[in-house]
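Descriptive structure summary
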Amino acid sequence: MSQHSVEKSICTVRDALAEAKSVVVLSGAGISAESGVPTFRGQGGLWRQYRATDLATPEAFARDPKLVWEFYNWRRELLEPLRPNAAHLSLAKLENRLSSFVLITQNIDGLHQMAGSRNVLELHGNIWKVRCTACGRLTEDRRVPLPLLPTCEDCGALLRPHVVWFGETLDPGILDRAYEEVLRCEVMLVIGTSGTVQPAASMGMLAGRNGALVVEINLEPTPYSDIYSVSIAGKAGEIVPQLF
Ligand code: OAD
């Protein structure tokens, strides 16, 4: 993508955002990359000899909850010192200017909220929250490391990380709200997601079919780049602050 066409695309999006009353953002791991969070499909690395996909499953937790919790303690330790970058901060400012703004994220790092975003729908949960495996009680717990094994204050059962694991379904209430917003927005920004994991991957397409201007911001082309109204190649931390 030439510099000229990047600038032209940025102008198109700027004009659309200046007019828009309702905006939805869908973010993925790429928006947090410049904060130091490894992406899923970049080189994520192994923890001990395990791949994340082997431990972030209900089966792994049933088999060995301590091992899975040790893995999450390691991930919490990696995330604890990280701070929001320019992309997160710009989106928090955009929210203040609009009457209708919803940020749908696949990220579990909590960096959007730390940047000041308020209306956030976390499709895949939040690593700083713990959930009781028996009564479902949900609480925030930012201790690093979390003393193992954590148990519920109410019923004494084992707590688990409040994240969606491979093979689990998303919270239907959150998903319904996300679809509702996607279907009624005028502009949708799709930032730093590879578009490989459903249902988030097809949300941009749905918004586009319903008449929204859909804008992708990604370092690399994705399977959806040609379908969206505008696709801008670049780093989220550099492009997003220029959009409004
Ligand atoms: P991926 O790791 O699949 O994709 C990250 C995307 O961000 C890639 O398309 C990169 O090109 C792009 N990217 C990297 N750095 C960037 C930057 N600085 N600026 C802009 N774009 C950048 O992450 P997700 O799409 O979020 O689910 O992955 C979706 C889901 O897959 C995750 O939420 C996770 C995983 O399975 C669960 O854990 C349930």
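Now for a look at the structure at hand. (Residues numbered from 1 in each chain as written. Predicted model: local features only at pLDDT ≥ 70, side-chain atom pairs only at ≥ 80, totals over all residues. Heavy atoms only, no water.)

**Focus on the nonpolar core**
Counting residues in each nonpolar core, the largest one holds 26 residues, and the members touching the most others are Leu189, Ile191, Ile232 and Leu243. Secondary structure elements with two or more residues in this core: α1 (3–19), β1 (22–27), α6 (86–97), β2 (100–105), β7 (187–191), β8 (213–218), β9 (230–233) and α10 (236–239). Considering every element that reaches this core, the biggest residue donor is α1, with five residues. Not counting the four nearest positions on each side in its chain, Leu243 is found in contact with Ile10, Val13, Arg14, Leu17, Leu189, Ile217 and Ile232. In terms of nonpolar packing, the next biggest core, distinct from the first, is built from 25 residues, Leu55, Leu67, Val68 and Leu159 among them. (Core = buried A, V, L, I, M, F, W, Y, C linked by side-chain atoms within 4.5 Å. Buried < 20%, exposed > 50% of the residue type's maximum accessible area, 1.4 Å probe, protein only. Helix = DSSP H or I, 4+ residues; strand = E, 2+ residues; numbered from the N terminus. Contact = heavy atoms within 4.5 Å.)

**A word on the pairing of β7**
By the criterion of burial, β7 is predominantly enclosed, with five of the five residues buried. What you see with β7 is no split at all: Val187, Leu189 and Ile191 on one side and Met188 and Val190 on the other are buried throughout. Pairing of β1 with β7 involves five bridges; the strand directions are parallel. Residue pairing across strands places Val24 opposite Met188, the latter belonging to β7. Crossover handedness for the path β7 to helix α9 (residues 203–209) to β8: right-handed. (Pairing = 2+ DSSP bridges. Right-handed = clockwise from strand over helix to strand, strands pointing away.)

**Some thoughts on the site of the ligand**
Taken together, the neighbourhood of the ligand is formed by 22 residues, with Phe40, Arg41, Thr193, Ser194 and Asn218 sitting nearest. Within the contact set of the ligand, an oxygen atom lies 2.7 Å away from a side-chain nitrogen or oxygen of Thr193. Ser194 is positioned with one of its side-chain polar atoms (N or O) 2.5 Å from an oxygen atom of the ligand. Ranked by residues supplied to the shell around the ligand, first place goes to helix α2 (residues 29–33) with three residues. Among the residues making up the shell around the ligand, the classes are represented as eight nonpolar, ten polar and four charged. Two domains share the shell around the ligand, each providing at least three of its residues, namely domain 1 (3–37 + 83–124 + 169–243) and domain 2 (38–81 + 125–163). (Near = heavy atom within 4 Å. Polar contact = N/O pair within 3.5 Å; in protein donor to acceptor, adjacent residues only side chain to side chain. Nonpolar A, V, L, I, M, F, W, Y, C, P; charged D, E, K, R; others polar. Domains from an automatic or database assignment.)

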